[in-house]
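What the coordinates show
What follows is each chain in one-letter form.
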Amino acid sequence: MAKKKPEKNEEEEPRIGVFVCHCGSNIGGYIDCKTVAEIAKDLPHVVYTQDNLYTCSETGLANIKQGIREHNLNRVVVASCTPRTHEPLFRSCIEEEGLNPYHFQFVNIRDQNTWVHQKEPEKAFVKANELIMMGVAKAERLQALEKIVVDVTSTALVIGGGVAGITAALNLSNQGFETHLIEKEDKLGGRLNELYKIFPKDIEASELLESLKKKVESNSNLKVYTSAEVKTIEGFVGNFEIEIDQAGQIIPLKIGCIVVAVGSSLFTPEGYYGYDGEKRITQSQLEVKLKNDKLDANDVVMIQCVGARIEERKYCSNVCCMSALKNALAIKEKNPDAHITILFRDLFTPGTHYEAYYRRAREAGIVFITYNPDKLPKVEGDTLKVYNEYIGEEMSLPYDLLVLSTPLVANPENKALAQMLKVPLEENGFFLEAHVKLRPMDFATDGVYICGSAKWPVDITESISQGYAAASRASTILSHPQLEVEGATSSLPEYNKSLCTGCEVCISVCPYKAISKNEDDEIVITQVLCKGCGLCGATCTNHAIVIRHFTDDQIMAQIDAFGGIM
Amino acid sequence: MSFEPKILGFLCNWCSYAGADLAGVSRMQYPPNIRVIRVMCSGRVDPAFIFKGFEVGADGVIVMGCHPGDCHYLEGNYEAEKKYDMTEKFLKLIGMDDRIRLEWVSASEGARYAQVVTEFTEKIKSLGPAPTAGDNPDQEILSKLRAIKMAAAGDRMRALVGRERHITEIENVYGEKTDLDRFMEVMDDAIVQEYERARVFLAIEEKSKSVKEIGKELDMDPSVVLEHMLILKSRLLVDFQEIVGNTPLFMRL
């Protein structure tokens with residue numbers, strides 16, 4: 001980067017230079033750019049104008065610099081293509097000449113003018129002049145801004161030591177970031193501790209867990225806290241101050257990024273199908289039996305969607321179809337003569353692997369019968385009655401073991417953690433990502449990421465993928481010693497503080513939780529969290545908040561210029 | 001010569017401005033009447049910008065943002081919609097609500113941008129010049145427009161529109177969620193009250209007047225004028241000036 005010259009004085013009279021680009025014939029072929037530049041000379045505070053064949057070329061940029069030097073310009077307007085592609089170039093050009101990069105204003109006379117009014121060049125000419133007038137009106141009022149730079153602590157905290165959390169923590173620590181992994185239980189592993197086998201490869205869950213634990217133990221960058229919970233979270237991206245409570249002992253940590261991997265909870269199907277935990281059990285209780293080789297049943301009936309996809313819990317738990325198939329096959333493996341029937345509403349086995357797994361189950365002789373949620377199966381002693389839609393009759397299925405496939409549900413503790421992290425939960429109490437497609441591992445709050453079943457129920461394979469993904473997202477922050485943040489943010493300037501009534505509307509509309517109240521009950525905008533959308537300023541009940549670079553004053557001046565008032 | 005409307009557009013940087021650029025890249029032709037002001041988010045569009053646009057001679061104003069659910073700033077466009085809805089209600093009071101529009105245009109919808117601008121321009125053309133625009137604007141409507149601008153800028157309307165989503169979709173400070181219809185009743189009442197109040201205030205902008213005079217001037221019941229005047233007084237915007245005969249005159253502060 002070029003050496004910075006001392007910045008020109010903010011208070012001095014605006015001296016605006018306007019550079020009109022021909023863009024070859026893209027603009028110049030339709031309107032007379034020379035005349036446009038001449039007309040701009042008469043605008044207030046414009047001291048120099050020029051037309052260039054290509055303003056973005058080396059010659060064009062040199063012309064801007066020369067103009068700044070020779071005419072002592074302190075504001076530059078370029079009328080050419082679009083700020084979306086070329087604003088950074090012109091900003092750095094004027095910065096190299098000692099101007100503040102925010103003293104630059106773009107006027108779009110190509111993409112939104114000559115290119116779209118090719119058959120009406122006279123009108124495009126008028127439009128170009130008027131757009132430049134609006135641009136100059138804004139340029140006159142531009143204020144110098146500084147990009148905000150904050151230091152980043154290159155440490156990570158992973159909350160939750162299940163398979164997703166361990167994967168994320170290992171990945172981060174292997175990248176060289178000091179990583180802290182906390183687990184509320186007394187041992188790592190989460191759901192892996194209870195599982196028997198893992199589909200679709202049917203490897204033992206304990207095998208995977210042991211190999212992960214070994215990697216954790218041998219990793220000097222990774223510190224594990226079991227029987228520990230997060231107590232407080234303060235600060236923001238790159239600079240979180242966190243206290244964790246490990247069995248009564250408070251441990252303070254300085255953290256750059258947080259990965260939430262708290263997983264989910266099991267649903268206990270009290271009141272469903274005579275659930276008793278012995279003869280009528282859940283899939284996860286079945287897994288424990290299988291794991292300990294304590295299964296003694298010949299006629300097994302499984303019921304899918306118990307407590308899921310119903311009015312109070314509308315979602316599909318994602319893992320239960322595959323779990324049922326897996327456990328059914330495991331029973332068959334131990335006891336090939338066992339009769340296994342799976343009652344289902346819809347069977348979801350997506351993708352190449354899982355569909356093949358389903359075929360295997362069919363081939364193994366497992367019977368599948370659909371049931372209608374309007375005619376639920378009924379338990380009558382040791383028999384299950386189910387209405388079979390295909391034959392239009394009720395069937396009786398004797399069983400010695402009834403297995404209920406229940407959904408994973410959100411942890412009840414999620415609410416407290418979400419409040420500490422300032423991130424949202426969705427209607428079922430799971431954590432809600434910033435955008436389901438565009439930012440699936442992020443929260444809207446910078447520096448906090450999500451993976452695994454804390455977001456919605458996912459299987460082991462998906463948990464591992466998400467663990468990597470969240471770690472990768474966190475490393476985009478942790479890999480830099482400093483974080484540069486856009487200077488065009490919202491602010492509550494000192495001179496406006498008396499206007500603030502403390503109504504807190506700004507706090508509620510801010511999508512990034514960048515606004516809060518301090519101990520003195522004053523509104524504080526954390527610049528590093530602000531993205532500059534301007535919602536707070538447009539909403540502020542007493543016009544106290546200023547949206548820098550898009551101030552009311554600047555936009556009103558543009559509107560005035562639109563009306564011909566300069 | 002046929003009427004060429006002046007149209008002001010507010011485009012969000014991420015979706016609609018990009019959509020407008022794409023229309024250019026694709027050389028889609030549309031009428032040259034629109035002048036665009038780029039903002040980062042459609043939620044940045046203060047209702048005051050729209051009223052100001054009409055005040056300085058716009059025949060139509062269009063606001064464009066990202067499609068619902070696609071906002072670069074997560075929820076900015078939802079807030080934009082609330083502000084827009086209020087703006088529309090205010091403009092309805094002076095019969096100009098058909099001169100504004102809110103549209104969602106994504107960065108990939110160059111054709112849609114061109115189509116929306118074309119349609120809106122055609123519509124404004126068919127409506128003819130705005131009564132507030134041109135060389136001889138209707139002073140009566142212009143002064144009503146100024147009253148609307150003032151009313152919408154007041155803390156009552158801003159607090160209402162700013163809290164709308166929270167109160168109707170989440171909860172108020174007492175943990176209650178308010179029915180949207182009920183909220184709208186409150187909003188609609190407030191719009192009329194604040195508009196009338198602003199008219200009363202602006203009536204004494206240049207010269208102190210009595211309640212009776214104002215009532216006659218604005219075609220408003222004097223008791224209603226007095227009610228507004230007392231609220232304006234409590235807001236420290238007006239005060240008694242002097243009593244002429246038996247009639248108190250009010251002045252602006």
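Structure first, text after, so check above.
Because the structure is predicted, anything quoted here is derived from the model rather than measured.

A word on the state of the cysteines. Applying the stated rule across the entire model yields one disulfide over all chains. Two residues, B:Cys15 and B:Cys66, share a disulfide whose sulfurs are 2.4 Å apart. Every disulfide takes its handedness from the sign of the S-S torsion; for B:Cys15 and B:Cys66 that torsion is 100°, giving right-handed. Within this pair, whereas B:Cys15 is found in the loop between strand 1 (7–12) and helix 1 (16–25), its partner B:Cys66 is found in the loop between strand 3 (60–65) and helix 3 (76–92), the two being separated by 51 residues in sequence. For B:Cys66, a relative accessible area of 3% puts it in the buried group. The cysteine A:Cys533 is free of any disulfide, with B:Cys41 supplying the nearest cysteine sulfur at 5.4 Å.

One can find A:Lys127 in helix 5 (residues 121–140). Among buried Asp, Glu, Lys and Arg side chains, A:Lys127 stands out as unpaired, with A:Glu120 the closest opposite charge at 9.1 Å. A polar atom in the side chain of A:Lys127 sits 2.9 Å from the side chain of A:His117. Setting aside its immediate chain neighbours within four residues, A:Lys127 contacts A:Gln112, A:Asn113, A:His117, B:Pro32, B:Ile34 and B:Arg35.

Residues and elements named next belong to chain A. Sheet architecture is open: three strands sit in the order 20-21-22, paired in antiparallel fashion. Every other strand in the sheet has two partners, leaving strand 20 (378–380) and strand 22 (393–398) as the edge strands with one partner each. Across the sheet, the mean angle from the axis of one strand to that of its neighbour is 30°, orientation sign disregarded. Pairing analysis gives six bridges linking strand 21 (residues 383–388) to strand 22, with the strands arranged antiparallel. Across the sheet, Leu384 pairs through a bridge with Leu397, a residue of strand 22.

All right, on to the environment of A:His435 then. Tracing the sequence through the fold places A:His435 in the loop between helix 11 (414–421) and strand 25 (448–450). In this structure A:His435 comes out as buried when scored by relative accessible area, which is 15%. Note: C-alpha distance between A:His435 and A:Glu278 (157 residues apart in sequence) is 42 Å. Other than its neighbours up to four places away in sequence, A:His435 contacts A:Pro440, B:Gly69 and B:Asp70.

Attention now goes to the interface of chain B and chain A. Contact with chain B, which involves 52 residues of that partner, is made by 51 residues of chain A. Considering only the side of chain B, the residues that lose the most area to chain A are B:Arg35, B:Arg44 and B:Arg158, jointly responsible for 16% of the buried surface there. At the junction of chain B with chain A, the criterion picks out six salt bridges. Residues B:Lys52 and A:Asp560 are paired through a salt bridge, measuring 3.1 Å at the closest nitrogen-oxygen approach. Here the element with the most residues in the side of chain B that touches chain A is helix 1 of chain B; it accounts for seven residues.

Moving on, we come to the pattern of salt bridges. Applying the stated criterion across every chain, the model contains 58 salt bridges over all chains. Across the salt bridge formed by A:Asp382 and A:Lys279, the nearest N and O atoms sit 2.9 Å from each other. Within this pair, whereas A:Asp382 is found in the loop between strand 20 and strand 21, its partner A:Lys279 is found in the loop between strand 15 (265–266) and strand 16 (280–282), the two being separated by 103 residues in sequence. We classify A:Asp382 as partly exposed; its relative accessible area is 44%. The residue A:Asp442 makes a salt bridge to A:Arg439 at a minimum N-O spacing of 3.2 Å. If you follow the salt bridges from partner to partner, you end up with A:Glu120, A:Lys123, B:Glu4 and B:Lys125 in one network.

A complete count under the given rule lists six cavities of 30 Å³ or more for this structure. A volume near 240 Å³ is recorded for the largest cavity. Contributing to the lining of the largest cavity are 20 residues, with A:Phe106, A:Asn108, B:Tyr17, B:Val36 and B:Arg38 lying nearest its centre. Secondary-structure elements contributing two or more residues to the lining of the largest cavity are strand 4 (104–108) and helix 5 of chain A together with strand 2 (34–39) of chain B.

Right, let's get into the pairing of strand 3 of chain B. Residue and element names in this part refer to chain B. Most of strand 3 sits inside the fold, with six of its six residues counted as buried. Of the two faces of strand 3, the one holding Gly60, Ile62 and Met64 and the one holding Val61, Val63 and Gly65 are both buried throughout. Bridging between strand 1 and strand 3 involves five bridges; their strand directions are parallel. Along strand 3, the bridge assignment pairs Phe10 with Val63. The sheet contact formed by strand 3 and strand 4 (residues 100–104) spans five bridges and is parallel. Considered in strand 4, the bridge of Val61 is made with Ile100. Running through helix 3, the crossover from strand 3 to the neighbouring parallel element strand 4 is right-handed.

On to helix 6 (residues 155–170) of chain B. Its 16 residues place the ends of helix 6 of chain B 22 Å apart at the C-alpha level, agreeing with the 22 Å of an ideal helix rising 1.5 Å per residue. Helix geometry: helix 6 of chain B is bent most strongly at B:Arg163, by close to 50°. Every buried residue of helix 6 of chain B is listed here: B:Met157, B:Arg158, B:Ala159, B:Leu160, B:Val161, B:Gly162, B:Glu164, B:Arg165, B:Ile167 and B:Thr168. Residues of helix 6 of chain B that are buried sit in contact with helix 13 (505–509) and helix 14 (535–539) of chain A together with helix 3, helix 5 (139–153) and helix 7 (180–203) of chain B.

Residues and elements named next belong to chain A. Strand order in the open sheet made by the five strands is 10-7-6-14-25, with parallel pairing throughout. Edge strands, defined here as strands with exactly one partner in the open sheet, are strand 10 (222–225) and strand 25. Within the sheet, the average angular offset between the axes of one strand and its neighbour, ignoring direction, is 20°. Judged from the four bridges that link them, strand 6 (residues 155–159) and strand 14 (residues 257–260) form a sheet pairing that is parallel.

About the criteria used
- Residues numbered from 1 in each chain as written.
- Chains lettered and ligands numbered in written order.
- Predicted model: local features only at pLDDT ≥ 70, side-chain atom pairs only at ≥ 80, totals over all residues.
- Heavy atoms only, no water.
- Disulfide = S-S within 2.5 Å.
- Helix = DSSP H or I, 4+ residues; strand = E, 2+ residues; numbered from the N terminus.
- Buried < 20%, exposed > 50% of the residue type's maximum accessible area, 1.4 Å probe, protein only.
- Lys, Arg positive; Asp, Glu negative; His and termini not counted.
- Salt bridge = Lys/Arg side-chain N within 4 Å of Asp/Glu carboxyl O.
- Polar contact = N/O pair within 3.5 Å; in protein donor to acceptor, adjacent residues only side chain to side chain.
- Contact = heavy atoms within 4.5 Å.
- Pairing = 2+ DSSP bridges.
- Axes fitted to C-alpha atoms, helices over the stretch in contact; angles between N-to-C directions.
- Buried area = accessible area lost by both parts, 1.4 Å probe.
- 1 Å grid on protein atoms, 1.4 Å probe; cavity = no way out; pocket = protein on both sides within 12 Å on 5 of 7 lines; lining within 4 Å.
- Points joined across faces, edges and corners; volume = space filled by probe spheres on them.
- Right-handed = clockwise from strand over helix to strand, strands pointing away.
- Expected span 1.5 Å × (residues − 1).
- Bend = angle between axes of the 7 residues up to and from the residue.

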